Amino acid sequence: WDNADFSRGVGTTFYQEFSTLNTAKPPFVRDVEAKVRRYLRSSYSAAWTLKITWEKAPVYAARTDTRKTITYQAVLTTDGFRSYILMLYQDRGMQWDYTRLTSTNVLIGYT
């Protein structure tokens, strides 16, 4: 993740919390559980999930170009014992010109 710049009124950030302990699980939470099970090959039942979305986020400093934006999400989830994060990026969504960033050694994801 790099410095997104919302100072020009372009893009937004929002979140949605899902507390699913002893309640019916919405399709989104069931999808998160399925991804955790598939990627980690273990049983998993979410008790709490938080979805954070950065939508049409312009790169810092937005004063130079607010047309090239990206949309991405972080999904945090826990069963009360184990916690996971899913980092989701829009397909072909990296619109920032990475050659204009302070550091050009960029990756999508985390280490």
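Residues numbered from 1 in each chain as written. Predicted model: local features only at pLDDT ≥ 70, side-chain atom pairs only at ≥ 80, totals over all residues. Heavy atoms only, no water.

Turning our attention to the pattern of salt bridges. Scanning the model with the defined rule gives four salt bridges in all. In this structure, Glu33 engages Lys25 in a salt bridge whose closest nitrogen and oxygen atoms are separated by 2.5 Å. Taking relative accessible area as the criterion, Glu33 reaches 4% and is therefore assigned buried. When salt bridges that share partners are traced, they join Lys25, Glu33 and Arg37 into one network. (Salt bridge = Lys/Arg side-chain N within 4 Å of Asp/Glu carboxyl O. Buried < 20%, exposed > 50% of the residue type's maximum accessible area, 1.4 Å probe, protein only.)

An order of 1-2-3-4 is seen for the four strands of this open sheet, with the pairing classed as antiparallel. Two strands bound the open sheet, and with one partner strand each, they are strand 1 (12-19) and strand 4 (83-89). The average angle at which neighbouring strand axes cross in this sheet is 10 degrees, direction not considered. As paired elements, strand 2 (residues 48-58) and strand 3 (residues 69-78) share nine bridges and run antiparallel to each other. When the sheet's bridge partners are listed, Pro58 is paired in strand 3 with Thr69. Sheet strands touched by helix 1 (residues 27-40): strand 1, strand 2, strand 3 and strand 4. Its angle to strand 4, the strand with the most contacts, is close to 100 degrees. (Pairing = 2+ DSSP bridges. Helix = DSSP H or I, 4+ residues; strand = E, 2+ residues; numbered from the N terminus. Axes fitted to C-alpha atoms, helices over the stretch in contact; angles between N-to-C directions. Contact = heavy atoms within 4.5 Å.)

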